[in-house]
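Here are the chains, one letter per residue:
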Amino acid sequence: MKMTGNKILLVSVMISGLTTGFVFPPVQSTYAVILFLLPLIHSLYTDPERSVRYSFFFGLSLTMASCWWIFSNSGADALWIQIISGMGLFLVSASYYALLGLIYKYSRRLIGQRAIWALPLIWGGIETAMLFEELAFPWTYIAHTLTGKTEFIQIAEYFGVTSVSIAVLYISISIYSSIKYFMKKDCFRAYTRFQAALLLFFGLIIFGWLRMGYISKQLDTTGEIKAAVIHPGLDVEYKWEKKNFNNIIDTQMKLSEAALVENPDLIIWGESNFPRYLENNPSYIGDFLIFAADKKIDLCIGSLGYDYFPDTESFKKFNSVFFFDQNNGKFRYDKRKLVPFGESFPFAWALTFLKQISLGQANFDKGENNAPFEMTSGNKFHTNICYEALFPYYNASLVRKGSEFIVNVSNDAWYENSRQVYQHSRFNIFRAIENRRSIVRLANKAENSLFLPTGEQNILFYNEKNTQNTVSLPLNGELTFYTLYGRYFALLLLLLNGAVLTAGLFNRKKSSGKL
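From a predicted model like this one, the values you see are computed outputs, not experimental measurements.

Quick notes on the rules
- Residues numbered from 1 in each chain as written.
- Predicted model: local features only at pLDDT ≥ 70, side-chain atom pairs only at ≥ 80, totals over all residues.
- Heavy atoms only, no water.
- Pairing = 2+ DSSP bridges.
- Helix = DSSP H or I, 4+ residues; strand = E, 2+ residues; numbered from the N terminus.
- Axes fitted to C-alpha atoms, helices over the stretch in contact; angles between N-to-C directions.
- Contact = heavy atoms within 4.5 Å.
- Expected span 1.5 Å × (residues − 1).
- Buried < 20%, exposed > 50% of the residue type's maximum accessible area, 1.4 Å probe, protein only.
- Arc of directions from axis to C-beta.
- Parallel < 35°, antiparallel > 145°, perpendicular 65-115°, else oblique.
- Left-handed = near helix turned anticlockwise from the far one by under 90°.
- Nonpolar A, V, L, I, M, F, W, Y, C, P; charged D, E, K, R; others polar.

## Side note on the sheet that holds strand 5 (residues 330–334)
- Sheet architecture is open: six strands sit in the order 5-4-3-2-1-12, paired in mixed fashion. Because the sheet does not close on itself, it has two edges, and the strands there are strand 5 and strand 12 (467–474). Across the sheet, the mean angle from the axis of one strand to that of its neighbour is 35°, orientation sign disregarded.
- Where strand 1 (residues 224–231) meets strand 12, eight bridges bridge the pair, whose relative direction is antiparallel. Bridge pairing in strand 12 places I225 opposite L473.
- Helix 11 (residues 245–259) contacts strand 1, strand 2 (266–269) and strand 12 of the sheet and is inclined by roughly 150° relative to strand 1.

The following block contains the structure:
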């Protein structure tokens, strides 16, 4: 059977999505992603009225290729939960891209073929929309394919991870435009478009190279602290079995004692690696306070926290990190960005009956405190837990409160030995560049790294059982352009998308009225 033109375009779009998805980490970053986007651009340009369909299937293919690891979730109680959660993720992600196609279609009706040059800005708006609180999954950003091209992505210091995706798309569209003009034998315009693509491509690389050199020299003059990461390597089921609790704590205490040889300023335990509600175990709180004061060391302990409200006899429970300084100080940070369907049911805060639906989620409450921890030395830092590391504007808001470095703790044992553990780790590169902060990442049964303010990644170890590692973190108290103003760029992109969508819907309603 001979394929029609739009079917050929649809197949090419799906291939475009698959190839782009396949080059997400741990695959070595490649600039070929610029070319992989050409079939999608061609389809949107050639057949704009089917943009929603093309964008949806591009997003679906992209998400399937990059996130098929979702089906390996060892925390799911049954196969049907794995299937439903996986398919739900794919459809939600693809729906964002369908919205992109809709806005592009409306922009095409408004300004004609020139709309193709607005596509990168529309794309940036959609990537920003992926941060929407209840259904947030900011995973499939085009920029995330280039975590290994550190020089190219330094522009993130000014406009964030989304600006890298925008730049990639402008390069792709310039190349596509050059090809179009070349086929029309308009060599001058073909040459100028291709020249513009090369100028932007090499301009970003040269700028990034110079900027990294400058930041590296600055780091030589700043202070640093030494942090020890404690990694017992806990299996998912082993961690939560009550009979293993004492052994888990004893092992980490011994590793912490061993780390003291390197004279660290801070010892870090991973996400919920004190696998109980710490406030229900005051003897251990006492032990941590004594350890911190006696050993002259600050402690950062992942655990579970809660608040009790006697008036209503109700609780709020949290995924938390506790901080103990050397002066008997105890502080707590509660995770604010909860994994949809993993740690909470979307919109359950308004529709409370949703909490009764069990797909294996933890049903945590959202934290409210976001003050940085202040070390005994006076240095400040903030922690983010698990996929909070994917939220650029949220982390920038915490840095604005005074953080000089960032600690990311995560339990990636759910997806042990899958692509997820590499992707989850390496997306931190953008947070390091955006804020010019060092990030130490402690991830259970995954890739553990130090990310320098330049965006360079130093892998400390991978899934080694019962190990500890002490690393020096350069400190930085200066605020980048992105940290201060990046959220306004995001707002501008959202307003642009909203304006085009509103105008498109209004014109459609107006046209329907005429009929």
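## Remarks on helix 12 (residues 282–295)
- Helix length check: helix 12 (14 residues) gives 20 Å between terminal C-alpha atoms against 20 Å at 1.5 Å per residue, within 8%.
- Along helix 12, the residues classified as buried are Y284, I285, F288, L289, F291 and A292. Here the buried residues of helix 12 occupy an arc of 160° about the axis, which is enough to place them on one side. The exposed set on the far side of helix 12, more than 90 degrees from its buried face, consists of P282, I290 and D294.
- Summarising the contacts, the buried residues of helix 12 are in contact with helix 11, strand 2, strand 3 (298–309), strand 4 (314–324) and strand 5.

## As for the packing of helix 13 (residues 392–399) against helix 15 (residues 428–435)
- Between helix 13 and helix 15, the shortest axis-to-axis distance is 10 Å and the interhelical angle comes to 45°. One way to sum up the angle between helix 13 and helix 15 is to call them oblique. Handedness of the crossing formed by helix 13 with helix 15: right-handed. For the pair helix 13 and helix 15, contact is made by P392, N395, A396 and V399 and by R431, E434 and N435, respectively.
- Taken together, the residues that form the contact of helix 13 with helix 15 break down as three nonpolar, two polar and two charged.

## So, the side chain of T145
- Of note, T145 is situated in the loop between helix 6 (119–129) and helix 7 (156–159).
- Residues within four places of T145 in sequence aside, it is in contact with T20, V23, F24, S29, T30 and V33.

## A few points about the sheet that holds strand 11 (residues 457–462)
- Strand order across the open sheet formed by six strands is 6-7-8-9-10-11, with mixed pairing between neighbours. Both outer strands of the open sheet, strand 6 (373–374) and strand 11, are each paired with one neighbouring strand and no more.
- Taken together, the five bridges between strand 10 (residues 447–451) and strand 11 define a ladder with antiparallel strand orientation. Residue pairing across strands places S449 opposite I459, the latter belonging to strand 11.
- This element, helix 13, spans strand 7 (380–385) and strand 8 (405–411) of the sheet and lies at about 155° to strand 7.
- Packed onto the sheet, helix 15 meets strand 8, strand 9 (438–444), strand 10 and strand 11 and runs at close to 160° relative to strand 9.

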